[in-house]
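# Secondary and tertiary structure notes
Residue strings, one per chain:
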Amino acid sequence: MTSENSSADDAQQVWDVVVVGAGPAGASAAYAAAVAGRRVLLLEKAELPRYKTCGGGIIGPSRDSLPPGFELPLRDRVHAVTFSHNGRFTRTRRSKQMLFGLINRPEFDHQLVEHAQKAGAELRTGVAVQRVEQHGSAVPDRRTVAVVLQGGETVLARAVVGADGSASRIGAHVGVKLDQVDLGLEAEIPVPQTVAEDWQGRVLIDWGPMPGSYGWVFPKGDTLTVGVISARGEGAATKRYLEEFIGRLGLAGFEPGISSGHLTRCRADDSPLSRGRVLVCGDAAGLLEPWTREGISFALRSGRLAGEWAVRIAEAHDAVDTRRQALNYAFAIKAGLGVEMSVGKRLLMAFERRPGLFHAALTGFRPAWRAFMEITRGSTTLGELVRGRPMAQRLLATLDRRQVPDGDEVTS
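Residues numbered from 1 in each chain as written. Predicted model: local features only at pLDDT ≥ 70, side-chain atom pairs only at ≥ 80, totals over all residues. Heavy atoms only, no water.

## Some points on unusual backbone geometry
Between Leu 48 and the following residue, Pro 49, the backbone shows a cis peptide bond with an omega angle of -5°. Its location among the elements puts Pro 49 in the loop between β2 (40-44) and β3 (57-58). In this model, Phe 89 sits at a positive phi of 55°, which is unusual for a non-glycine residue. Take Phe 89: it is sitting in strand β6 (residues 88-94). Notably, Arg 293 is not glycine yet its phi reads approximately 65°, a positive angle. (Helix = DSSP H or I, 4+ residues; strand = E, 2+ residues; numbered from the N terminus.)

Next comes the structure, spelled out in structure tokens:
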């Protein structure tokens, strides 16, 4: 940017990049743009730290996407996974190396924001965005986006990154399309030390009673995060599953500190990732792994890419260059995260039909357990696993073809 442009921007208070939403995706985008030396404003409607419904599992791809020097505020290190199929056929598998870590989202998110601030981003909390405008009286020129806040204040930017969650206003502006919506219910349950010690270093994954559903127990010191997820529209059954799950675990007598619910939304294949000078990432773009609904690694990775490409869009002088950079961002997302999502979608469809087969594979088939370990540690991804291993390709193709008639449940 030339010094004349800088002077003009100062007079009009034009930011290079405005990021909406200070979760992992937004904080990562703000960090990436600020590290590049740009003037970055990070807007968040809540006050930080704030609670977020989330299991809080940090797998390898998440860890590898953190800013340099970031120290994970781990509450536990997972070396064992207990698998069950709707409370039955329980088996625990162990690993000498740590599989993944567990964090509390308020601490983790706040720490990410602090790293973005140290890199030079400016944070404003308690600020709700009403809409963005790329044309009209609020926009001084074609290189500017107006971010209109509730209350009427307008913030101007050369590029905007929407990271405002699964009910994103920026996503609505871009035209994000969704083809999978799930309901997650979760309870944070304080437990006595004897109970906490029993769970230390071990998580539980239970394949649930509804198609595509599963439950989890993640230990975090003196608190257990217990949750379930299933397709939206099964609200009563999902609530019943959580209650029965907690009861089976012997945790019904403990009062949850927090009970919450959250909708996860997964993008359609043809959903846009940008509109003009506005990009979306993380939940706002519908980026998450469709089978497990894991979103933190997708938020961190897509946020970093969005921040990097927002810098390029901020420097674009015309619509053609802006479009070129936005297409490059979309290509980068689809070449990495998009491949993982495609495999995850196929796995979800197979899992919906044959959860017992998945349970039997993970508990009794060594290559399946090894693949699970490699993915959680970050030595591979779902996409790389299928792309690089003929056996995995053949297995996925077989799962794609095999149909099970209604009522013909397969168990281990």
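Still more ground to cover, so stick around.
## Details of the sheet that holds strand β15 (residues 223-231)
Reading across from one edge, β6-β5-β13-β14-β15-β12-β16 is the order of the seven strands in this open sheet, with mixed pairing throughout. With one partner strand each, in any of the chains shown, β6 and β16 (258-267) form the two edges of the open sheet. Strand-to-strand, the axes of this sheet are offset by a mean angle of 20°, without reference to chain direction. In the sheet, strand β12 (residues 178-190) pairs with β15 via nine bridges, with the strands oriented antiparallel. In the strand pairing of β15, Ala 187 is matched with Val 226. Each of β12, β13 (202-207) and β16 touches helix α9 (residues 319-353); the most contacted strand, β16, lies at about 110° to it. Contacts from helix α11 (residues 366-377) reach β5 (80-85), β6 and β13, with the element oriented near 125° to β5. (Pairing = 2+ DSSP bridges. Axes fitted to C-alpha atoms, helices over the stretch in contact; angles between N-to-C directions. Contact = heavy atoms within 4.5 Å.)

## Considering the nonpolar core
In a soluble, globular protein the nonpolar side chains are often hidden away together inside. Core analysis: the largest hydrophobic core is formed by 68 residues, its most contacted members being Val 18, Phe 108, Val 147 and Tyr 329. When residues in this core are grouped by element, the largest group, eleven residues, is from helix α8 (residues 296-315). Sequence-distant contacts of Val 147, defined by excluding residues within four places in its chain, comprise Val 18, Leu 43, Val 129, Arg 131, Val 132, Glu 153, Thr 154, Val 155 and Val 160. Ranked by size, the runner-up nonpolar core spans 27 residues in total, among them Phe 100, Leu 347, Leu 362 and Trp 369. (Core = buried A, V, L, I, M, F, W, Y, C linked by side-chain atoms within 4.5 Å. Buried < 20%, exposed > 50% of the residue type's maximum accessible area, 1.4 Å probe, protein only.)

## Some details on the packing of α8 against α9
Following both chains from N to C, one finds α8 and α9 inclined at 165°, their axes separated by 9 Å at the closest point. Comparing the axis directions of α8 and α9 gives the class roughly antiparallel. The two elements α8 and α9 cross, and the hand of that crossing is right-handed. When α8 is examined against α9, the residues Phe 298, Arg 301, Ser 302, Leu 305, Ala 306, Trp 309, Arg 312 and Ile 313 are found in contact with a partner set consisting of Thr 322, Gln 325, Ala 326, Asn 328, Tyr 329, Ala 332, Ile 333, Leu 337, Glu 340 and Met 341. Taken together, the residues of the contact of α8 with α9 sort by class into eleven nonpolar, four polar and three charged. (Parallel < 35°, antiparallel > 145°, perpendicular 65-115°, else oblique. Left-handed = near helix turned anticlockwise from the far one by under 90°. Nonpolar A, V, L, I, M, F, W, Y, C, P; charged D, E, K, R; others polar.)

## Some details on the packing of aromatic side chains
A full pass over the atoms with the stated rule returns 14 aromatic pairs. Plain terms: the ring middles of Phe 83 and Phe 372 are 5.7 Å apart, the flat faces sit at 80° to each other, and that makes the pair edge-to-face. Taken together, the residues span a long stretch of sequence, with Phe 83 in strand β5 and Phe 372 in helix α11 at a distance of 289 residues. Pairing Phe 351 with Phe 358 gives two aromatic rings, centres 5.5 Å apart and planes at 80°, and the pair type is edge-to-face. With relative accessibility at 1%, the residue Phe 351 sits in the buried group. Taken together, the aromatic side chains of Phe 83, Trp 207, Tyr 214, Trp 216, Trp 291, Phe 351, Phe 358, Trp 369 and Phe 372 make up a single cluster linked through ring pairs. In this structure, Arg 312 packs its charged tip against the face of Trp 309, placed 4.4 Å from the ring centre. (Phe/Tyr/Trp six-rings, centres within 6.5 Å; stacked < 30°, edge-to-face > 60°. Lys NZ or Arg CZ within 6 Å of the ring centre and 35° of its normal.)

## A few points about the pairing of β12
In terms of burial, β12 is a largely internal element, ten of the 13 residues being buried. Where β12 meets β16, ten bridges bridge the pair, whose relative direction is antiparallel. Paired with Val 181 across the strands is Arg 265, a residue of β16.

## Comments concerning the side chain of Gln 180
Mapped onto the elements of the fold, Gln 180 is located in strand β12. At 2.8 Å, the side chain of Gln 180 and the side chain of Asp 182 are in polar contact. Among the polar contacts listed, one links the side chain of Gln 180 to the backbone oxygen of Pro 290, at a separation of 3.0 Å. (Polar contact = N/O pair within 3.5 Å; in protein donor to acceptor, adjacent residues only side chain to side chain.)

## Some thoughts on the sheet that holds strand β4 (residues 76-78)
The strands making up a sheet are joined through hydrogen bonds of the backbone, oriented either antiparallel or parallel. Judged by pairing direction, the sheet is antiparallel, and its three strands sit side by side in the order β3-β7-β4 without closing on themselves. Edge positions in the sheet fall to β3 and β4, since each has one partner strand and no second. As defined by bridge partners, β4 adjoins strand β7 (residues 100-102) across three bridges and the pair is classed as antiparallel. Of the residues in β7, the one forming a bridge with Asp 76 is Leu 102.

## Topic: the confidence of the model for the protein chain
Confidence in the prediction for the protein chain averages 91 pLDDT; 91% of positions are at 70 or higher. Considering only residues more than four positions removed or in separate chains, one finds that residues 1-11, a stretch of pLDDT under 50, has eleven contacts. (pLDDT = per-residue confidence, 0-100.)

## As for helix α7 (residues 235-248)
For α7, which comprises 14 residues, the first-to-last C-alpha distance of 20 Å matches the rise-based estimate of 20 Å (1.5 Å per residue) to within 8%. Along α7, the residues that are buried comprise Ala 237, Thr 238, Tyr 241, Leu 242, Phe 245 and Ile 246. Buried-residue contacts for α7 involve β12, β13, β14 (214-220) and β15. Looking one or two residues past α7, Gly 250 carries a phi angle of roughly 75°, positive in sign. (Expected span 1.5 Å × (residues − 1).)

## Let's talk about the pairing of β13
Counting buried positions along β13 yields six of six residues, so the element is predominantly enclosed. Neither face of β13 is left uncovered, since the one carrying Arg 202, Leu 204 and Asp 206 and the one carrying Val 203, Ile 205 and Trp 207 both have all their residues buried. Direction of pairing for β5 relative to β13: parallel, over a ladder of six bridges. Bridging from a neighbouring strand, Phe 83 pairs with Ile 205 of β13. Count of turn residues in the β13/β14 antiparallel hairpin: six residues, of which Gly 212 carries a positive phi of about 80°.

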